[in-house]
Amino acid sequence: MDNRLNVTYITFDGHVEVHRYRYLYFVMMFTMYMLIISSNFTIVSIIVIHKSLHEPMYIFIAALLINSVLFSTAIYPKLLIDFLSEKQIISYPACLFQWFSYYSLVSSEFFLLSVMAYDRFVSICNPLQYSTIMRKTTVNMFLIVAWVLPACECSVPMLLSAKKEICKFHLKGILCNSTVLKLHCVSSRLLNIYGLVVLASAVLLPVLFILFTYTRILVISYRCKGVRRKAAQTCLPHLLVLINFSCLSAYDGLLARLELDVPITLRLIMALQIVTCQPLFNPIIYGLKMRGIYEHLKRLFYKRV
């Protein structure tokens, strides 16, 4: 704690030989951040520019990619500063805000993935009523809820934690996630129960819904030969993104709640995967696997060559 400013600082203990490899870490992560920004905004720009892609499916993809950029921006600038700093510290209020941003945007991603699954379900299983169900107002409502609802859910533990006294000032990680709860002098049963409720509503229910809708799509597409190809082209990218994101999110949740004794090097590698893979994975998957986007990407590439 800095008594002159009356500010509590938290130290990150998850870095591995940062003083020795600080410039290597910085160059690698800065390159990753630039790749994430450029690749995601390239796909979003293609969707915005071409009116043929102004359909609910592509609008949701654009929202997902924008969410990836917001997630990266909540993590990477602080990481880059830490790599070049003598001490890897963060003020407690800033840590709480990063924690809020981290989980709010993770929850938004799961919500957007579930909305995309519903969109594919209606398109493939009920095509005649697709335009009636997925109207512009419905799409806008889904987008607003995807960001507002998780933000409201995640603001509660952040506000409650801001009022609690902390007795520990070291985090076993490189960013502020749910391990922030371990800093409190007294563990809060209310926060733990609320966290489980949010975990169920923001992660478990969307994942079950997505699996249910894709199971229905696969059953229907198996019966109708005409929709098999369409189902494979549109559902496979979503499933790949869901599996990758679910595995990384499960690790993040288990690490904090089960207090797993993970070696610091492995902990660092997994943390970097969480903040790197998904934001970089999304534009690659949707850029290469979604035919409408891929065709425009090819034209853009050939023009420049």
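Residues numbered from 1 in each chain as written. Predicted model: local features only at pLDDT ≥ 70, side-chain atom pairs only at ≥ 80, totals over all residues. Heavy atoms only, no water.

Section: the overall build of the chain
1) Next: Counting its regular elements, the chain contains nine helices and three strands.
2) Next: When its helices and strands are written in sequence order, the chain yields β-α-α-β-α-α-α-β-α-α-α-α.
3) Next: With 305 residues in all, the chain has 47% of them scored as buried.
4) Next: Considering only contacts within the chain whose residues lie at least 6 apart along the sequence, 80% involve residues at least 24 apart.
5) Next: With the model as given, the accessible surface of the chain reaches about 16,300 Å², and the carbon-plus-sulfur share is 68%. (Helix = DSSP H or I, 4+ residues; strand = E, 2+ residues; numbered from the N terminus. Buried < 20%, exposed > 50% of the residue type's maximum accessible area, 1.4 Å probe, protein only. Contact = heavy atoms within 4.5 Å. Areas by Shrake-Rupley, 256 points an atom, 1.4 Å probe, with all protein chains shown as cover.)

With respect to the side chain of His15
1) Next: Structurally, His15 is set in the loop between strand 1 (9-12) and helix 1 (18-49).
2) Next: Look at His15 and you get buried, because its relative accessible area is 11%.
3) Next: When near neighbours in sequence (up to four residues on either side) are disregarded, His15 contacts Leu79, Asp82, Phe83, Gln88, Ile174 and Ile264.

Regarding the state of the cysteines
1) Next: Scanning the entire structure with this criterion turns up two disulfides.
2) Next: One disulfide bridge connects Cys167 with Cys185, the sulfur atoms lying 1.7 Å from each other. Disulfide Cys167 to Cys185: torsion about the S-S bond roughly 100°, handedness right-handed. On the criterion of sequence distance, the pair formed by Cys167 in the loop between helix 5 (136-162) and strand 3 (170-171) and Cys185 in the loop between strand 3 and helix 6 (189-223) is long-range, its members being 18 residues apart.
3) Next: You can call Cys185 partly exposed: its relative accessible area is 31%.
4) Next: Disulfide connectivity for the chain, with bonded cysteines indexed by sequence position, reads 1-3, 2-4. (Disulfide = S-S within 2.5 Å.)

Re the sheet that holds strand 3
1) Next: Strand order in the open sheet formed by three strands is 2-1-3, and the pairing between neighbours is mixed. The sheet terminates laterally at strand 2 (89-91) and strand 3, the two strands that pair on one side only.
2) Next: Each of strand 1, strand 2 and strand 3 is contacted by helix 3 (residues 92-125), which is oriented at about 90° to strand 2, the strand it contacts most. (Pairing = 2+ DSSP bridges. Axes fitted to C-alpha atoms, helices over the stretch in contact; angles between N-to-C directions.)

A word on the confidence of the model for the chain
1) Next: For the chain, the average pLDDT comes to 84, and 90% of its residues sit at 70 or higher.
2) Next: Predicted confidence in the chain is weakest over helix 7 (residues 228-257), with a mean pLDDT of 71, and strongest over helix 2 (residues 56-84), with 93.
3) Next: Every residue in residues 1-5 is under pLDDT 50, and counting partners more than four places away or in other chains gives six contacts. (pLDDT = per-residue confidence, 0-100.)

Remarks on the pattern of salt bridges
Pairs may arise between side chains of opposite charge once their charged atoms sit close together.
1) Next: Throughout the structure, instances matching the rule amount to four salt bridges.
2) Next: In this structure, the salt-bridge partner of Arg20 is Glu17, at a minimum N-O distance of 3.3 Å.
3) Next: Residue classification places Glu17 among the partly exposed positions, given a relative accessible area of 44%.
4) Next: Here Asp82 ties to Lys78 by a salt bridge, and the two come within 2.8 Å at their closest N and O atoms. Of the two residues, Asp82 and Lys78 are both situated in helix 2; the distance of four residues between them amounts to about one turn of the helix. (Salt bridge = Lys/Arg side-chain N within 4 Å of Asp/Glu carboxyl O.)

Observations regarding the packing of helix 2 against helix 8 (residues 264-289)
1) Next: For the pair helix 2 and helix 8, interaxial distance at closest approach is 10 Å and the crossing angle is 150°. Taken together, the axes of helix 2 and helix 8 are roughly antiparallel relative to one another. Here the hand of the crossing between helix 2 and helix 8 comes out left-handed. Packed against helix 2, whose contacting residues are Ile61, Leu64, Leu65, Ser68, Phe71, Ser72, Ile75, Tyr76 and Leu79, the element helix 8 presents Ile274, Val275, Thr276, Pro279, Asn282, Pro283 and Tyr286 at the interface.
2) Next: Here the residues of the contact of helix 2 with helix 8 sort into twelve nonpolar, four polar and no charged. (Parallel < 35°, antiparallel > 145°, perpendicular 65-115°, else oblique. Left-handed = near helix turned anticlockwise from the far one by under 90°. Nonpolar A, V, L, I, M, F, W, Y, C, P; charged D, E, K, R; others polar.)

Points about a nonpolar patch on the surface
1) Next: A surface patch of nonpolar side chains, about 380 Å² in accessible area, is lined by Leu204, Leu205, Leu208 and Leu211.
2) Next: Residue placement: Leu208 occurs in helix 6. (Patch = residues over 30% accessible without salt bridge, like charges linked within 9 Å, V, L, I, M, F, W, Y side chains within 5 Å.)

A look at the environment of Leu297
1) Next: With respect to the helices and strands, Leu297 occurs in helix 9 (residues 291-304).
2) Next: A sequence separation of ten residues divides Leu297 from Gly287, and the C-alpha atoms of the two residues are 7.3 Å apart.
3) Next: Apart from the residues lying within four places of it in its own chain, the contact partners of Leu297 are Thr42, Ile43, Ile46 and Gly287.

A short note on the packing of helix 1 against helix 8
1) Next: Between helix 1 and helix 8, the shortest axis-to-axis distance is 9 Å and the interhelical angle comes to 25°. The angle between the axes of helix 1 and helix 8 places the two elements in the roughly parallel class. As helix 1 runs across helix 8, the sense of the crossing is left-handed. Only Leu268, Leu272, Val275, Thr276, Pro279, Leu280, Pro283 and Gly287 of helix 8 make contact with helix 1, whose side of the interface consists of Tyr25, Met29, Met32, Leu35, Ile36, Ser39, Asn40 and Ile43.
2) Next: Considered class by class, the residues forming the contact of helix 1 with helix 8 number twelve nonpolar, four polar and no charged.

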